[in-house]
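As a plain string of letters, each chain reads:
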Amino acid sequence: MRCAPTCPALPSGCPAPTRLYGFAKLSGFADLSGRNQTDAPPPQTIPLANSAATQQGSEFGMTARFSRLGVDTRTLTSMGTLETRIEGDFGGGAPTSTNAVFRLRQAWAELGTEQFRVLFGQANSLWNEGIFETLIDATNLNQSFIRQAQVRLTGRLATGLTGMFSIEAPETQYTSVAGVFSPGSTFNGAPSPAFNAMPDFLGRLTYRHDGMEIDGRAVVRQLSLRSAGTAAAPPNVSLNAPAWGLALHARVPMRWLSPAFGQDQVMGMVYYGEGIGRYFAGNTSGQDALTNLGLPGVGGNASLDPLPTYGVIAAYRRFWTDKWRSNFAYSYARQDYPSYARQFAPGSVSAVLLNRDMQQVFANLIWSPFAEVRNGTFGSGWLDVGVEYLFTRRDVYGGAAATAGVGAGNAIANRIVFAATGRF
């Protein structure tokens, strides 16, 4: 961005006009399999078959709470462009309330050039990736939409190749016989045994060429548990466990096969990790790790076991015309639990949230009346209106024996979503 002619060419730089952006969004849903009172349903908590929620039947809901507002500025300086962003939405309240609560999504500043720049503040995690386009406002299976405090370095390594490294805020999440714990939770009125001892370290490489994208990312973490000063027993256990994860995704334009495919894309992702459940918030609830702390006979010989997890996404984006498009996707995820998890009380939160296998299917149709394709790049324009079908299934580790008293050992959800988004 260039300075206006009236702006003096001083080392302090030239302020660029402030940009206000955002959208107003109306979302609605109808559940076909059972009552699930949220417009952003976490896949890992869909109601179990034969549970009270499925006995009540389907439900309809509407909300505008995910409407978004942001302010972006850019200022030219002697060290490059200084960009700042403050962004929030109204999704901070309960999904069943019409009193939407404003919440901070992003607040960051980034300084530098196209060759190298530094970001600090709260921003999207370097691990984040949605892979395919959806209408629902949930964090879906195998997707990541975490926003957290960080320092990030970004550099252009070669033509089309970008490298990134970040130091990000940590959060140990684990499950034991006593429940699900994070550093912000409590246990019998005392502090949580889940502990943050050091930041998370993330790296990412992205290569783009002629509409193709190949992207690899990695995370290294430390998970910690401190029972001293808490109500957890035994009282002086201190455990640390390394955690890590790798993911690779690709987007390939179908026009490489034939121009008849137009803007169509095929997309895929694979990942594997141990102790990265927090970065897949649609997959797990507190299962970065499991611990046998508190189980009979364990005593001070407790362990903290990062949870192995892996999965895949396959998706296709179909452009019927420049104004009409669809997305079709299948996702699968698996978590492998230590055998002592079978000792968690049947029907308890600790047992019911241990999903071993999970699947999701998406299909949608979106109309964007102001969409355009410029220089081979699609832009959806100012308005999207669409309808979406979502199928989700989860199978609990231990099956019906683990969920006794609260439902079957699996859950299936069918949901129809409609949404209209107007941008500015």
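Residues numbered from 1 in each chain as written. Predicted model: local features only at pLDDT ≥ 70, side-chain atom pairs only at ≥ 80, totals over all residues. Heavy atoms only, no water.

Asks: Mind laying out the pairing of strand E27 (residues 410-423), listing which residues take part and the relevant values?
Replies: Relative to E27, strand E2 (residues 19-31) is paired through nine bridges, and the arrangement is antiparallel. Bridging from a neighbouring strand, alanine 24 pairs with glycine 422 of E27. By the bridge criterion, 13 bridges tie strand E26 (residues 383-396) to E27 in an arrangement that is antiparallel. Note that in E27 the partner of glycine 386 across the bridge is alanine 419. (Pairing = 2+ DSSP bridges. Helix = DSSP H or I, 4+ residues; strand = E, 2+ residues; numbered from the N terminus.)

Asks: How would you summarise the sheet that holds strand E20 (residues 304-306) if you had to cite specific residues and measurements?
Replies: Paired through their backbone hydrogen bonds, the strands of a sheet run either parallel or antiparallel. Across the sheet, which stays open at both edges, the four strands sit in the order E11-E10-E19-E20 with mixed pairing between neighbours. Each edge of the sheet is formed by a strand with only one pairing partner; in this case those strands are strand E11 (179-181) and E20. Averaged over all adjacent pairs, the angle separating strand axes in this sheet is 25°, with direction ignored. Bridging between strand E19 (residues 289-291) and E20 involves three bridges; their strand directions are antiparallel. The residue bridging alanine 289 from the neighbouring strand is proline 306, located in E20. (Axes fitted to C-alpha atoms, helices over the stretch in contact; angles between N-to-C directions.)

Asks: Explain the environment of glutamine 55 to me, and be specific about the residues and the numbers.
Replies: Here glutamine 55 lies in helix H1 (residues 52-56). Sequence-wise, glutamine 55 and tyrosine 279 are 224 residues apart; in three dimensions their C-alpha atoms are separated by 32 Å. A polar side-chain atom of glutamine 55 sits 3.2 Å from the main-chain carbonyl oxygen of asparagine 50. (Polar contact = N/O pair within 3.5 Å; in protein donor to acceptor, adjacent residues only side chain to side chain.)

Asks: So what's going on with the packing of aromatic side chains? Residues and values would help.
Replies: Enumeration according to the criterion identifies 13 aromatic pairs in this entry. When the ring of phenylalanine 181 is compared with that of phenylalanine 187, the centres are 5.2 Å apart and the planes differ by 80°; the resulting orientation is edge-to-face. Among the residues examined, phenylalanine 187 registers a relative accessible area of 15% and is labelled buried. Ring centres of tyrosine 271 and phenylalanine 280 lie 4.3 Å apart, and the angle between their planes is 35°; on these two criteria the pair is classed as tilted. On the basis of relative accessibility, which here comes to 1%, the residue phenylalanine 280 falls in the buried class. Counting every residue linked through ring pairs, the aromatic cluster contains Trp127, Tyr271, Tyr279 and Phe280. (Phe/Tyr/Trp six-rings, centres within 6.5 Å; stacked < 30°, edge-to-face > 60°. Buried < 20%, exposed > 50% of the residue type's maximum accessible area, 1.4 Å probe, protein only.)

By themselves, these figures tell us nothing about what the structure is for.
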